[in-house]
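Fold and geometry: a report
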Amino acid sequence: YQIQGAAGTDAPAVLETAPTSAYSSPARSLGDTGITPLSPSHLVNDADPDVSEQQSFLVVVAIDFGTTSSGYAYSFTKEPECIHVMRRWEGGDPGVSNQKTPTTILLTPERKFHSFGYAARDFYHDLDPNEAKQWLYLEKFKMKLHTTGDLTMDTDLTAANGKKVKALEIFAYALQYFKEQALKELSDQAGLEFENSDVRWVITVPAIWKQPAKQFMRQAAYQAGLASPENSDQLIIALEPEAASIYCRKLRLHQMIELSGKTAVNGYSGRDTVGAGFAQAKEHIRRNRQSRTFLVENVIGEIWSELEEGDKYVVVDSGGGTVDLTVHQIRLPEGHLKELYKATGGPYGSLGVDYEFEKLLCKIFGEDFIEQFKIKRPAAWVDLMIAFESRKRAAAPDRTNPLNITLPFSFIDYYKKFRGHSVEHALRKSNVDFVKWSSQGMLRMSPDAMNALFKPTIDSIIEHLRDLFQKPEVSAVKFLFLVGGFAEAALLQQAVQAAFGDKCRIIVPQDVGLTILKGAVLFGLDPAVIKVRRSPLTYGVGVLNRYVEGKHPPEKLLVKDGTRWCTDVFDKFISADQSVALGELVKRSYTPAKPSQLVIVINIYSSEQDNVSFITDPGVKKCGTLRLDLTGTSGVAVPARREIQTLMQFGDTEIKATAVDIATSKSVKVGIDFLNY
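Presented here is a report on the structure given in the accompanying data block. Note that the structure is predicted; figures quoted are calculated from it, not measured. Residue numbers here run from 1 along each chain, matching the order of that chain's written sequence. Given that this is a predicted model, residues contribute local features only at a pLDDT of at least 70 and side-chain atom pairs are listed and counted only at 80 or more, while totals for whole chains, interfaces and linings are drawn from all residues. The basis for every side-chain value is the complete set of non-hydrogen atoms in the structure, without hydrogens or water.

Notes on the pairing of strand S35 (residues 666-673)
Where we set the bar: A pair of strands is treated as paired once DSSP finds two or more bridges between them. Numbering goes from the N terminus for both helices and strands, where a helix is a DSSP run of H or I of at least four residues and a strand is a run of E of at least two.
Relative to S35, strand S32 (residues 621-629) runs antiparallel, the two being bridged by five bridges. Paired with arginine 627 across the two strands is glycine 671, which belongs to S35. One ladder, built from three bridges, connects strand S34 (residues 656-661) with S35; its direction is antiparallel. Directly across from valine 660, in S35, lies its bridge partner serine 667. Between S34 and the antiparallel strand that follows it, S35, lie four residues; serine 665 among them carries a positive phi value of about 55 degrees.

Right, here's the structure in full:
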């Protein structure tokens, strides 16, 4: 059968005019582009591909680029059992002790990078309000990569002042900032200049991110100078819940809190409240805070000693923007991990709570006022959200006393100008019961009012977990690890415990906000630890098959040189939720339409369904291109019929491809692109 949807052009320059999927059946308007797949086959590589090409990096640095906060950690390859978490940041918030820094970035009015994290926030905050309108301040921008359906290199972000900037630039600035901080810290610590080439970088992304978002992160890292397309192995994309999973299996008993309270952990029996266990754990963390180096014992953690061959556990990674669920199974003796069900989750991070608070403010003060206030007094709005953040962290299931949120003076002042009456008047007039005005100039929220802000987000997480637990692959789960920044919320812990405490043991690692960071370092030291993953989507290409009467629909018939072809047939590379081993290759051979053809472009299609027959089926989307560049292989006597063998890997955190010209055994330059097609 023949491939279709490919551009057969003599000169690569004409590539832009390659037919797109704008018409109903690609093949009809293509003329002659017979790229023939010769041998579809599925091949397992026994030799571990990771061993041979291990470059000699001196250090692994992982960057946890979070929606609300970010940080880095590192480990020298000579002493992999020591993980160092980055230096304490200047700044910091009352009521929020954190080794990470807010994911906020500030650009000058000329759009040049100015500062990141607390520094960006404080500087922006101290600007005169009229001047502040000229500066570009961005926060919580990572979610844009998840929510944008048609992400490209040109996707925009909107700064606090309403101005647009290129997302790629912002991500590159942020990564460059971390690169400089980390290299500086490494150089200071080692007493000699560290070069970027000494470092293997790891960047974490949510497991539910689609391929384009992962590729976007990689492009931003190239732009920031962490790695380059020629040396792409220097950067590994790690999936957040996988990183957490790798770290959790190393936990010792004193490094976690068990919520179910069936057994005494940390010397607390189940009768003690969850709160008491946490108070003690927090004290323990506070004492250990001074030390930023974590020892990961090479022996396997005690939690691990309770896991037997084939045991399953779920990792719930709940962060600022997304919640990511992963199901892993243990493979002994080395303790490799196997993914049992494709990653699921959604935009149910702690940002949802902030959003509910904003809705509450709109209800009390009017949406028109809040919108205006955000634009006219952006720094004061940031202040208000910081005040809310520290109170949000004080919410607890058994809290009885109210939570006070300070309203910035400019809020009170601007409201009076805007409405002609006071904030106090607005609160009295609004029929929001649980929020009162206190004489000290604060919003006083009852615990019930605060809990109500958490409810929609927590309900979504619980519902999602319920769905997951219904799946046959997820039966008999032994542990549930609750990780990520939002996992610190006692309300979420209580809800998870109440819903699933009878099904499995629920474990919260101690410095839960750093779990992913530390796991990402471990992953960078040994990327082959996760041996089997599940493909989130079905991937394939469109081909022409011999037309069979009665089997193929008549509208797909194409007659060419007397041969009857069926168009739009979906040639499947891999199915949704199919398990695929690390290093396992999907092999296809393609032949250029004309011997002189220098570039082959093949459209890749994807679907969430696994039973796909045609690329025109509902739910099948064009999602990328595979581009084989044959320019470098000429000069040899080219046989009349060239065979280009393409090998694709779906078992890693990103989809990768390589290709070989069979006649000359030379490798062919291959690009697999989910972003710029």
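Next, the rest of the story.
What about the environment of serine 579?
Structurally, serine 579 can be placed in strand S29 (residues 579-581). For the pair formed by serine 579 and proline 536, sequence separation is 43 residues and the distance between their alpha carbons is 9.7 Å.

Here's the deal with the sheet that holds strand S10 (residues 136-139)
What counts, and what does not: To define axes, lines are fitted to C-alpha atoms, for helices over the stretch in contact only, and angles between the resulting N-to-C directions are given on a 0 to 180 degree scale.
Pairing within the open sheet is antiparallel, and its three strands lie in the order S9-S8-S10. Edge positions in the open sheet fall to strand S9 (113-116) and S10, since each of these has one partner strand only. Taken over all neighbouring pairs, the strand axes of this sheet differ in orientation by 20 degrees on average, direction set aside. Sheet topology places strand S8 (residues 104-107) next to S10; four bridges connect them, and they run antiparallel.

Focus on the nonpolar core
Worth spelling out the cut-off: Residues grouped as a nonpolar core are buried Ala, Val, Leu, Ile, Met, Phe, Trp, Tyr and Cys residues, joined through side-chain atoms within 4.5 Å. Exposure classes here rest on a 1.4 Å probe applied to the protein chains alone. A residue is buried below 20% of its type maximum, exposed above 50%, and partly exposed in between. Two residues form a contact once any of their heavy atoms are found within 4.5 Å.
Within the largest apolar cluster, 153 residues are counted, with the highest numbers of intra-cluster contacts made by Phe171, Val314, Phe357, Phe365 and Leu480. In this view, phenylalanine 365 contacts Ile370, Phe411, Tyr415, Arg419, Val423, Ala426 and Leu443; residues no more than four positions away in its chain are not counted. Counting 29 residues, the second largest nonpolar core, distinct from the first, contains Tyr539, Ile600, Leu626 and Phe674.

Remarks on the packing of aromatic side chains
The condition that has to hold: Two rings from Phe, Tyr or Trp (for Trp, the six-membered ring) form a pair when their centres sit within 6.5 Å of each other. Planes less than 30 degrees apart are called stacked, planes more than 60 degrees apart edge-to-face, and all others tilted.
In this structure the tally under the stated criterion is 33 aromatic pairs. For the ring pair phenylalanine 113 and tyrosine 177, a centre distance of 6.1 Å and an interplane angle of 40 degrees mean the geometry is tilted. A residue pair is termed long-range when its members are at least 10 positions apart, and phenylalanine 113 in strand S9 and tyrosine 177 in helix H5 (residues 167-190) qualify at 64 residues. On the basis of relative accessible area, phenylalanine 113 is assigned to the partly exposed category, the value being 30%. Taking relative accessible area as the criterion, tyrosine 177 reaches 11% and is therefore assigned buried.

As far as function goes, none of this settles anything; it's purely spatial.
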